[in-house]
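# Structural overview
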Amino acid sequence: MSETGNAPETAGGAEDGAVGVTGPGAEGWPEIRRRSALLDDEDVLVIDKPADVSVVGERHDTDLMRMAKDAGEWLMPAHRIDKVTSGVVVLAKSLPVHADLARQFNRRTVGKAYLALVRNTGLPGQGPVLPERGEIELPLSVGRKSRVRVAAPRETITASAGRWHVAESDVLPKVRTYPSTTLFGTVWRDERHTLLVVRPVTGRRHQIRVHLAWIGHPIEGDPLFDRQNASGTPRTCLHSWRIAFDRGWGDGSRVTVSAPPGDAFWAPVRDRLEGTVEETTAHAERVLGRLEREARSAR
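As a starting point, this report considers the structure included with it.

Conventions used here
Residues numbered from 1 in each chain as written. Predicted model: local features only at pLDDT ≥ 70, side-chain atom pairs only at ≥ 80, totals over all residues. Heavy atoms only, no water. Patch = residues over 30% accessible without salt bridge, like charges linked within 9 Å, V, L, I, M, F, W, Y side chains within 5 Å. Areas by Shrake-Rupley, 256 points an atom, 1.4 Å probe, with all protein chains shown as cover. Salt bridge = Lys/Arg side-chain N within 4 Å of Asp/Glu carboxyl O. Lys, Arg positive; Asp, Glu negative; His and termini not counted. Charge placed at Lys NZ, Arg CZ, Asp CG, Glu CD. Helix = DSSP H or I, 4+ residues; strand = E, 2+ residues; numbered from the N terminus. Buried < 20%, exposed > 50% of the residue type's maximum accessible area, 1.4 Å probe, protein only. Pairing = 2+ DSSP bridges. Core = buried A, V, L, I, M, F, W, Y, C linked by side-chain atoms within 4.5 Å. Contact = heavy atoms within 4.5 Å.

## Here we look at a positive patch on the surface
Judged by side-chain charge, R144, K145, R147 and R227 come together as a positively charged surface patch. One can find K145 in the loop between β7 (140-142) and β8 (148-150). The class of K145 is exposed, set by a relative accessible area of 72%.

Right, dumping it as structure tokens:
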């Protein structure tokens, strides 16, 4: 996911904000690498990125790629996830491997799944309950101060049979727009929150965060839409849960890497879950399986 301020096709999202020296970056690359490596071979390093540290692109402080370089290790991200997002990130160890992975992301053959904890707000007239399956097909654009937004007035968003969309006539004129599609399945809900498995079909900057907020279900703790963090949530509850890619540079085998979210992700709802975190995650596996089967049958 090569990201720019213009929200091009990416693998998931661009970086935002600065990293403080008291955050995860203060640990140093060797410790982060030791603690977060999920797959480490001669071609790739796949890590479980902590929340609140950037993959790359920090101007005023540090980021993971700069930390790795300073420690003597050359790596190149095949994609990025937002600074506030935790979870699986794929890093290439050579230019040919990076090029192969970049092609897979651009062709949308990489499997991507996130877990998102959202608030049950809803849009006026649509109610607070999300369906068991949903599709958000809303074009994105870049507005003032490089902020990503839906490229249409919020009041023109229509929900029908679990699909959110806008009419072509309602899309903002004279701005560059980016078709964007996000699929989701509901794992658990109560009166305040819903836990989703999210599969971004496209991979625009901030896509998942903007899509969910604009249909009235912002991600808990997201500073894009709750700058004061009124709920006191310790982190943004969005996690890159699973990635699957092909070893196109090698034997062509499919590789799937996953990482469960940490305790801080579950903090807002842990006491209200119907089962344990492990049982909830197992149910999320089943929901993801259904989403993947439905996507294959729709091709």
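Okay, back to it.
## Quick notes on the pairing of strand β2 (residues 44-49)
Of all 6 residues in β2, 5 are buried, a share of seventy percent or more. Taken together, the 3 bridges between strand β1 (residues 37-40) and β2 define a ladder with antiparallel strand orientation. Bridged to L39 within β2 is V46. Inspection of the sheet shows β2 paired to strand β4 (residues 86-92) by 6 bridges, in the antiparallel sense.

## Examining unusual backbone geometry
Even without a glycine there, the phi angle at K145 is positive, about 55 degrees. The backbone phi angle of K174 is positive, close to 65 degrees, even though this residue is not glycine. Relative to the helices and strands, K174 is located in the loop between β10 (163-165) and β11 (181-189). Taking relative accessible area as the criterion, K174 reaches 87% and is therefore assigned exposed.

## A short note on the nonpolar core
Core analysis: the biggest nonpolar cluster contains 59 residues, and W29, L64, L91, V197, L212 and I219 have the highest contact counts within it. Examining the composition of this core, we find that 6 residues originate from one element, strand β5 (residues 111-119), more than from any other. Apart from the residues lying within four places of it in its own chain, the contact partners of L212 are A116, V118, I136, L196, H217, P218 and I219. Counting 16 residues, the second largest nonpolar core, distinct from the first, contains L39, A78, A92 and F245.

## Quick look at the pattern of salt bridges
For the structure shown, the criterion picks out 18 salt bridges. For R33, the salt bridge goes to E73, with nearest N and O atoms at 2.8 Å. One end of the pair, R33, is in helix α1 (residues 29-36); the other, E73, is in the loop between α2 (64-70) and β3 (76-77), with 40 residues separating them in the sequence. Neither residue differs from the other here; R33 and E73 are each classed as buried. Where R247 meets D41, a salt bridge forms, and the shortest distance between an N and an O atom there is 3.0 Å.

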